[in-house]
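# Descriptive structure summary
What follows is the residue order along each chain.
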Amino acid sequence: MTPLLFLSISLLGQPQGDADHPTNDVYRRLVTEGVDLDGARVTLEPPLLRDGQAAEDQRRKLVEIAGSEKAVDELLRDSVTAPFVLKLRDQKTPGGVIRHAHLVFAIRANLDAIDPGKAAQDADNKAFEAANMKLATRILDANDLRTRNIVLPPQETGWFSHNSVDMLDRIQVQTTNRVEVSRSDRSLAVASETDRRFDAEGPHTNAWQALDRKGVVSGRPTPYSGSISYARCTRLASSPDTLVVESRLAVYEPNDWFQGAAILRSKFSLIAQDQIRRVRREILSRKKAPR
């Protein structure tokens, strides 16, 4: 899998948590306690599809997401170009806006064969580009974390990634995120949050800087609150080889970036389409590869 599953994007009530993944501390905190982003308490809604739901209950939730029975059939279509659902909303903060997103799409894959830890290692020190956004990710090792008095977790349960994003040739953002993974018989959850222990100056700090016309960073780094997200793959009861990926993201955007204009928000759909199709092509190529 590609970094798409960690890129996804609502805050619509009082979440009750997700009993399916009680050992995933990051996931549990994001859907119950929430975190502070620029003075605002932000909590992610739990997924609409859950372990233990009957096939008809899952179908009703999918209709709620997609809007109609016909739209659900299209959403679940086995095709690289099958549609996705992306719902966006904004929340004002003292210094900017939090961009919220809820992304849902389907893939045909074996849930047990999905290995987020391996995917993260495969993406290590590699760049990805879409919609005039450039992302580079580096997985931190034990020596990197020692400077912050953090113990490296086992790869199968999580990792720390340092992310560098160049946005629209205008802004460069650096964050270090804690990522935690958990599994159940019917689902896989990957949750990520910008780790506040990296707010202080030092290696892999959470900060942003402006880019000049030549794409070179200028000025001193400005502290940055970062983002929170989760992606949850749920096996459909009616079709075990169909996985519905439901992802939610909340990302802080300071007014200093684009003066409140929805420039970044306008890129979410393009990035989602690019990455979803990339994931589906990757799955398809693996199925066709000789064994």
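Because the structure is predicted, anything quoted here is derived from the model rather than measured.

Moving on to the pattern of salt bridges. Enumeration over the complete set of coordinates arrives at 22 salt bridges. When the shortest N-O distance is used, the salt bridge between D51 and R232 registers 3.2 Å. With a gap of 181 residues between them, D51 in the loop between β2 (40–42) and α2 (55–66) and R232 in strand β12 (residues 227–236) connect regions that are remote in the sequence. Between R265 and D90 there is a salt bridge, and its shortest N-O distance comes to 3.2 Å. Of this pair, R265 sits in the loop between α6 (255–258) and α7 (268–288) while D90 is found in strand β3 (residues 85–93), placing the two residues 175 residues apart along the sequence. Ionic contacts of the salt-bridge type, sharing partners, join the residues D90, R99, E253 and R265 into one network.

A word on the nonpolar core. Grouped together as the largest cluster of nonpolar side chains are 35 residues, with contacts concentrated most on M167 and W257. Setting aside chain neighbours within four positions, we find M167 in contact with N132, M133, V173, W257, F258 and L264. Formed by 20 residues, the second largest nonpolar core is a distinct cluster that contains A109, L111, A272 and I276.

A few words on the confidence of the model for the chain. A residue-level look at the chain finds 93% of positions with pLDDT of 70 or above and a mean pLDDT of 89. The secondary structure element of the chain with the lowest average pLDDT is strand β5 (residues 126–130), at 85, and the one with the highest is helix α3 (residues 69–75), at 98. For the stretch residues 1–17, pLDDT sits under 50, and the model shows 74 contacts to residues farther than four places along the chain or on other chains.

The residue H100 is located in strand β4 (residues 96–108) in this model. Within the structure, the side chain of H100 is placed 2.9 Å from the side chain of Q91, a separation counted as a polar contact.

For α7, which comprises 21 residues, the first-to-last C-alpha distance of 30 Å matches the rise-based estimate of 30 Å (1.5 Å per residue) to within 8%. Within α7 the residues assigned to the buried category are F268, I271, A272, Q275, I276, V279, R280 and I283. Looking down the long axis of α7, one finds its buried residues gathered within 155° of arc, a one-sided arrangement. The inward-facing, buried residues of α7 abut β3, β4, β5, β6 (133–139) and β13 (239–254).

A few words now on α2. Its 12 residues give α2 an end-to-end C-alpha distance of 16 Å, which sits within 8% of 16 Å, the value for a rise of 1.5 Å per residue. The inward-facing, buried residues of α2 contact α3, β3, β4, β12 and β13. Downstream of α2 by a residue or two, G67 has a phi angle that is positive, lying close to 110°.

What counts, and where the lines are drawn
- Residues numbered from 1 in each chain as written.
- Predicted model: local features only at pLDDT ≥ 70, side-chain atom pairs only at ≥ 80, totals over all residues.
- Heavy atoms only, no water.
- Salt bridge = Lys/Arg side-chain N within 4 Å of Asp/Glu carboxyl O.
- Helix = DSSP H or I, 4+ residues; strand = E, 2+ residues; numbered from the N terminus.
- Core = buried A, V, L, I, M, F, W, Y, C linked by side-chain atoms within 4.5 Å.
- Buried < 20%, exposed > 50% of the residue type's maximum accessible area, 1.4 Å probe, protein only.
- Contact = heavy atoms within 4.5 Å.
- pLDDT = per-residue confidence, 0-100.
- Polar contact = N/O pair within 3.5 Å; in protein donor to acceptor, adjacent residues only side chain to side chain.
- Expected span 1.5 Å × (residues − 1).
- Arc of directions from axis to C-beta.

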